Amino acid sequence: MGDWMTVTDRGLSSESKTISQYTSEIKMSPSSLYSQQVLCSSIPLSKNVHSFFSAFCTEDNIEQSISYLDQELTTFGFPSLYEESKGKETKRELNIVAVLNCMNELLVLQRKNLLAQENVETQNLKLGSDMDHLQSCYSKLKEQLETSRREMIGLQERDRQLQCKNRSLHQLLKNEKDEVQKLQNIIASRATQYNHDMKRKEREYNKLKERLHQLVMNKKDKKIAMDILNYVGRADGKRGSWRTGKTEARNEDEMYKILLNDYEYRQKQILMENAELKKVLQQMKKEMISLLSPQKKKPRERVDDSTGTVISDVEEDAGELSRESMWDLSCETVREQLTNSIRKQWRILKSHVEKLDNQVSKVHLEGFNDEDVISRQDHEQETEKLELEIQQCKEMIKTQQQLLQQLATACDDDTTSLLRDCYLLEEKERLKEEWSLFKEQKKNFERERRSFTEAAIRLGLERKAFEEERASWLKQQFLNMTTFDHQNSENVKLFSAFSGSSDWDNLIVHSRQPQKKPHSVSNGSPVCMSKLTKSLPASPSTSDFCQTRSCVSEHSSINVLNITPEEIKPNQVGGECTNQKWSVASRPGSQEGCYSGCSLTYTNSHVEKDDLP
Amino acid sequence: MNFSEVFKLSSLLCKFSPDGKYLASCVQYRLVVRDVNTLQILQLYTCLDQIQHIEWSADSLFILCAMYKRGLVQVWSLEQPEWHCKIDEGSAGLVASCWSPDGRHILNTTEFHLRITVWSLCTKSVSYIKYPKACLQGITFTRDGRYMALAERRDCKDYVSIFVCSDWQLLRHFDTDTQDLTGIEWAPNGCVLAVWDTCLEYKILLYSLDGRLLSAYSAYEWSLGIKSVAWSPSSQFLAVGSYDGKVRILNHVTWKMITEFGHPATINNPKIVVYKEAEKSPQLGLGCLSFPPPGAGASPLLSSESKYEIASVPVSLQTLKPVTDRANPKIGIGMLAFSPDSYFLATRNDNIPNAVWVWDIQKLRLFAVLEQLSPVRTFQWDPQQPRLAICTGGSRLYLWSPAGCMSVQVPGEGDFAVLSLCWHLSGDSMALLSKDHVCLCFLETEAAVSTACRQLGGHT
């Protein structure tokens, strides 16, 4: 634009004519680029032109040129360049303002024109490009049209050819058909001809044969003979029979017999097959009835009454005739009945199945219906519920597993004991009872012991008293018999040492007759005890006694027994005590208690032993 | 599996006696009868010329030897070696000779099928049956030997005559609705006779023993028709093999088709086991090569090994392009045989000659296909169990059973090309026939195995 402006300025500054020329030149230029080039080239030219056209207005012809311009401008509708003449004679003066206004207007006009020109040019360009595009489109389409036209022609040609071909093929087919027909005819005719010829030939052949036969057979050919050493018997041993009417009849009979047998055999087979098929049919029917009867309630409402009647019919039939006999009757009425009922049932079944199918299809169709949505919600709820349940179950399982694992880790001691407890529960119960008994016994023992100890204390007191008495007595004796020698005193000492034992011996002997060596018992040692047991006869009572003795000795009565040897005179009190003791020992309950105690330990050990492996 | 030594043989004439005790074989003009167990020669008969046909009588007491060229039949007795019988057909000529089921009559067909002469070994009587039809299978006896059906041709019409074999009395005579009857076959129960037309027309007719037409069946028209027919041993099915490469199974109640078995060249069903015989040359070690080559006897053993491989489906079988402008084109089901228990059917499609198809009749579907390296010559079912023996003219014997199949090299000097085989009635052994040798093959039976085990146990 800048260029433009300058150019126009220059043009304006020089002459309007040149401008018009320029503009015309520019207008002719098709594109801006081109116009610029043209302008560039025209600039030097304009200078020349300028110099050349400078003749338009010279010093001499200013007036004329002004008037010319005025005229020109007025013809173009511009105000006159001259001032309004006041007089006719007066020379018209150039109105500068008007000139300037004119110039300005011209310039504005020029600018407008240029703008318009520009617009027009761009439009022109646009249109030109559009035109080009359209032209190319046009050419392209033209080409396409051409090609499609050509194609169409080609296709038409092909179509024509194909039609021709088709026609020819049709013709050929027709010809072929004709040919086939002809050939068939020919074949047929040939066949007939062949047959005819054959017949003719055969006749001739037969004639010849006949002739030959006559010639050969009737000549009484000596050669035709059988040379046999001797005739052999028949395979069945029978003699050949003469051919008579009888044999003929027999043969017929036999033939029919064979045929009859065959037919009978086949009939039997068919009957068997029939029976099997009937069985199958019966079974099927039963199954059908059983299949249909549960929905009898429903279908009776839905399906027409025929269902019920059919079933009831069948049932009635079943009631009237026993099934077997009905099936065996293969007469037509029954068959009709049967087929009818089966057909009906089949129809019911079919309709039912169809209904089911319809329902299924309906369900499929109503996939997006409201009801289904609800059902789906239900479904979802249900599934949620189920999932929750599953979760719970899983947790349960987990905890159970954990517990199980814990148990598995701790099972080594606990479970075994538990198990053992389980196993020994019964025994434990029993043992508890025994334990209570034992406790009671123990209490008794305790009581006895207490009494015993009391007795012992008493004894001790008595003994003390006795000792004192003896001391006093000895003193008295000593005092009385001061003449006693030293030996005597020793004897006395000895006596004192063994006195208790001898006394006790006596006691034992008194209480138990069979004891031969009672003095040995006085030691209270287990060896002696064993000796005692050995020496004792193996009567159960004594053995019991021994055992009780051993038990008692172990537990409580040892000190009592230990005391006894030191006793000097246990006859009354000691006897009492021992008696008491024996009585306790001989009491069956206490014995048992002892035993049970032993047995308890034993069993315990036994159980432990059991557990070892 | 054990093999006996080979014996000489000519024109594949070797037959087990019906009681399974003897084995008759022919060497030129000599007939040799051996004991089946010891293979020792029991009798040796000398005929007048080269024997062309032998047949045991049903009671295994006689053997007939036919010398067609001379129009002679010689009969030998096993019980009385000195007994002899010679039947001369003279100028009438002889083209076929067979025993009647009672073993006391011989039916000789003269040249040009002028007549059938029934010679009796018991009496002097000779019967003639005129107008026998010259066809593939024109005479058939019922299993019980009571009746004989004979195809006849009179005045350009086919007839079937049913004779009572005991006195050769004509029981029934009826015309059949056939263009050119080709074969007749009794059902094993002897009550139904299948009659089929020439290969130019697909037509099979079923007649009752009393001559009533029970049913007629035709699968298609204007094409080559029936090629082979077989009754199932239970008389329940009739398998009809035709030139279109299909086997059609008819039932015995309605005589309608139950199913048809196609024999396509490609097998796509993965359920079907396709056993493919594969040959591989043994890898000779360096040690073997360094030694001088072994004798000729060992060479066939070393030449190649063959074994069955289970081919993975789809399998395409080798097909033969038939020459269509010649008579008897090699297409269609040429061989079919039911197993003795009627559970299986073995077939061969003649334009896939290397394959044997085994069909499960219980399920009415294809069970297995065996593809051999060379065309199958014969197959025969074990009379006791579903076990199929196949020979291809090579030196191997092939056995199939539902459990699987195997190929066995027949040992011996030189190549023993097994051209034919026949089972012993016990199913324990079979005779393998080559061009001029016969060899017995003993299969390991359970009893034999158990005895062997017992022996082993005794030793240990």
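Residues numbered from 1 in each chain as written. Chains lettered and ligands numbered in written order. Predicted model: local features only at pLDDT ≥ 70, side-chain atom pairs only at ≥ 80, totals over all residues. Heavy atoms only, no water.

Looking at an unreviewed UniProt entry, one finds chain B named WD repeat-containing protein WRAP73 and attributed to Piliocolobus tephrosceles. If you open the UniProt record of chain B and go to Subunit (unreviewed entry), you find "Interacts with SSX2IP." Under the Subcellular location (unreviewed entry) heading, UniProt states for chain B: "Cytoplasm, Cytoskeleton, Microtubule organizing center, Centrosome". (UniProt positions renumbered as here; feature names shortened; annotations may be inferred.)

A. Quick peek at the sheet that holds strand 1 (residues 225-228) of chain A. If you trace the 5 strands from one edge of the open sheet to the other, you get 1(A)-10(B)-9(B)-8(B)-7(B), paired in antiparallel fashion. Either end of the sheet is taken by a strand with one partner, and the two such strands are strand 1 of chain A together with strand 7 (53-56) of chain B. Adjacent strand axes in the sheet meet at a mean angle of 15 degrees when their direction is disregarded. Here 4 bridges tie strand 1 of chain A to strand 10 (residues 84-88) of chain B, and the two strands are oriented antiparallel to one another. Note that in strand 10 of chain B the partner of Asp-227 of chain A across the bridge is Lys-86 of chain B. (Pairing = 2+ DSSP bridges. Helix = DSSP H or I, 4+ residues; strand = E, 2+ residues; numbered from the N terminus. Axes fitted to C-alpha atoms, helices over the stretch in contact; angles between N-to-C directions.)

B. Structural view of the pattern of salt bridges. Residue and element names in this part refer to chain B. Per the stated rule, a full pass over the model turns up 30 salt bridges over all chains. Lys-246 is paired through a salt bridge with Glu-260; the nearest N and O atoms lie 3.3 Å apart. Highlighted residues: Lys-246 in strand 25 (residues 246-251) and Glu-260 in strand 26 (residues 257-262), separated in sequence by 14 residues. For Lys-246, a relative accessible area of 28% translates into the label partly exposed. Overall, Glu-260 belongs to the partly exposed group, its relative accessible area being 34%. Residue Arg-348 pairs with Asp-350 through a salt bridge whose shortest N-O separation is 2.8 Å. (Salt bridge = Lys/Arg side-chain N within 4 Å of Asp/Glu carboxyl O. Buried < 20%, exposed > 50% of the residue type's maximum accessible area, 1.4 Å probe, protein only.)

C. Highlighting the interface of chain B and chain A. Taken together, the 55 residues of chain B in the interface contact 44 residues of chain A. Of the roughly 4500 Å² buried where chain B meets chain A, counting both sides, 55% is carbon and sulfur surface. Inspection of the chain B/chain A interface yields 4 salt bridges. Taking the shortest distance from any N to any O, the salt bridge between Arg-153 of chain B and Glu-202 of chain A comes out at 2.4 Å. Applying the counting rule to chain B against chain A returns 14 residue pairs in polar contact (both at pLDDT 80 or more). Broken down by secondary-structure element, the contributors of at least two residues to the side of chain B that touches chain A are strand 10, strand 13 (115-120), strand 14 (126-130), strand 16 (147-154) and strand 18 (169-175) of chain B. Take the side of chain B that touches chain A: its biggest share by element is 5 residues, from strand 10 of chain B. Across the side of chain B that touches chain A, the residue classes break down as 23 nonpolar, 14 polar and 18 charged. (Contact = heavy atoms within 4.5 Å. Buried area = accessible area lost by both parts, 1.4 Å probe. Polar contact = N/O pair within 3.5 Å; in protein donor to acceptor, adjacent residues only side chain to side chain. Nonpolar A, V, L, I, M, F, W, Y, C, P; charged D, E, K, R; others polar.)

D. Summary view of a positive patch on the surface. Together, Lys-439, Lys-442, Lys-443, Arg-447 and Arg-450 of chain A make up a positively charged patch on the protein surface. Looking at the secondary structure, you find Lys-443 of chain A in helix 11 (residues 370-480). (Patch = residues over 30% accessible without salt bridge, like charges linked within 9 Å, V, L, I, M, F, W, Y side chains within 5 Å. Areas by Shrake-Rupley, 256 points an atom, 1.4 Å probe, with all protein chains shown as cover. Lys, Arg positive; Asp, Glu negative; His and termini not counted. Charge placed at Lys NZ, Arg CZ, Asp CG, Glu CD.)

E. Focus on the side chain of Ser-10 of chain B. All names here are of chain B. Position of Ser-10 among the secondary structure elements: in the loop between strand 2 (7-8) and strand 3 (14-16). According to the relative accessible area criterion, Ser-10 is buried, its value standing at 6%. Dropping the residues within four chain positions of it, Ser-10 is found in contact with Cys-26, Val-27, Gln-28, Gln-50 and Lys-435.

F. Main features of the environment of Ile-258 of chain A. Relative to the helices and strands, Ile-258 of chain A is located in helix 6 (residues 245-292). When near neighbours in sequence (up to four residues on either side) are disregarded, Ile-258 of chain A contacts Asp-144, Arg-146, Tyr-147, Cys-191 and Leu-209 of chain B.

G. Layout of the state of the cysteines. Residues and elements named next belong to chain B. Tallied over the full model, the rule gives 0 disulfides over all chains. With no disulfide of its own, Cys-26 has Cys-65 as its nearest cysteine by sulfur position, at a separation of 5.3 Å. Cysteine Cys-422 remains unbridged, with the sulfur of Cys-14 as its closest cysteine sulfur at 5.5 Å. (Disulfide = S-S within 2.5 Å.)

H. Main features of the pairing of strand 8 (residues 62-67) of chain B. All names here are of chain B. Taken across its 6 residues, strand 8 has 6 buried, putting it largely inside the fold. Every second residue of strand 8 is oriented toward a common face, with Phe-62, Leu-64 and Ala-66 on one face and Ile-63, Cys-65 and Met-67 on the other, all of them buried. One ladder, built from 4 bridges, connects strand 7 with strand 8; its direction is antiparallel. Looking at strand 8, one finds that Ile-54 is bridged to Cys-65. With antiparallel pairing between neighbouring strands as the criterion, strand 7 and strand 8 make up a hairpin whose turn holds 5 residues, including Ser-60 at a positive phi of roughly 65 degrees. Bridge analysis of strand 8 against strand 9 (residues 72-77) gives 6 bridges, and the strand direction is antiparallel. Residue Ile-63 lies in a different strand from strand 9, and its bridge partner there is Trp-76. Taking the residues between adjacent antiparallel strands as the criterion, strand 8 and strand 9 are bridged by 4 residues, where Gly-71 takes a positive phi near 65 degrees.

I. Quick peek at a nonpolar patch on the surface. Taken together, the side chains of Phe-56, Tyr-68 and Leu-69 of chain A define a hydrophobic patch exposed on the protein surface, amounting to about 250 Å² of accessible area. Residue position: Phe-56 of chain A is located in the loop between helix 3 (32-53) and helix 4 (62-75).

J. Just the side chain of Arg-266 of chain A, in detail. Along the chain, Arg-266 of chain A falls in helix 6. Take Arg-266 of chain A: its relative accessible area is 17%, and that puts it in the buried class. When near neighbours in sequence (up to four residues on either side) are disregarded, Arg-266 of chain A contacts His-252 and Val-253 of chain B.

K. Inspection of the nonpolar core at higher detail. Residues and elements named next belong to chain B. Counting 36 residues, the largest nonpolar core has Tyr-147, Val-160, Ile-162, Ile-204 and Leu-238 as the members making the most contacts within it. It is strand 20 (residues 192-196) that provides the largest number of residues to this core, a total of 5 residues. Once you skip the residues sitting within four places of it in the chain, Ile-204 turns out to touch Ala-194, Val-195, Trp-196, Ser-215, Ala-216, Tyr-217, Ile-226, Val-229, Leu-238, Val-240 and Leu-250. Counting residues in each nonpolar core, the second largest holds 23 residues, with Ile-249, Leu-317, Ala-355 and Leu-366 among its members. (Core = buried A, V, L, I, M, F, W, Y, C linked by side-chain atoms within 4.5 Å.)

L. Spatial organisation of the packing of aromatic side chains. Residue and element names in this part refer to chain B. Taken as a whole, this structure holds 18 aromatic pairs over all chains when the rule is applied. On the basis of an interplanar angle of 65 degrees and a centroid distance of 5.3 Å, the ring pair of Phe-344 and Phe-367 is categorised as edge-to-face. Taken as a pair, Phe-344 in strand 32 (residues 344-349) and Phe-367 in strand 34 (residues 365-371) lie far apart in primary sequence, 23 residues in all. The partly exposed category is assigned to Phe-367, whose relative accessible area is 23%. Among the aromatic side chains, those forming a connected cluster through ring pairs are Phe-344, Phe-367, Trp-381 and Trp-400. Directly above the aromatic system of Tyr-29 lies the positively charged group of Arg-30, at a separation of 5.6 Å from the ring centroid. The positively charged end of Arg-34 is found above the aromatic ring belonging to Phe-7, 3.7 Å away from the centroid. (Phe/Tyr/Trp six-rings, centres within 6.5 Å; stacked < 30°, edge-to-face > 60°. Lys NZ or Arg CZ within 6 Å of the ring centre and 35° of its normal.)

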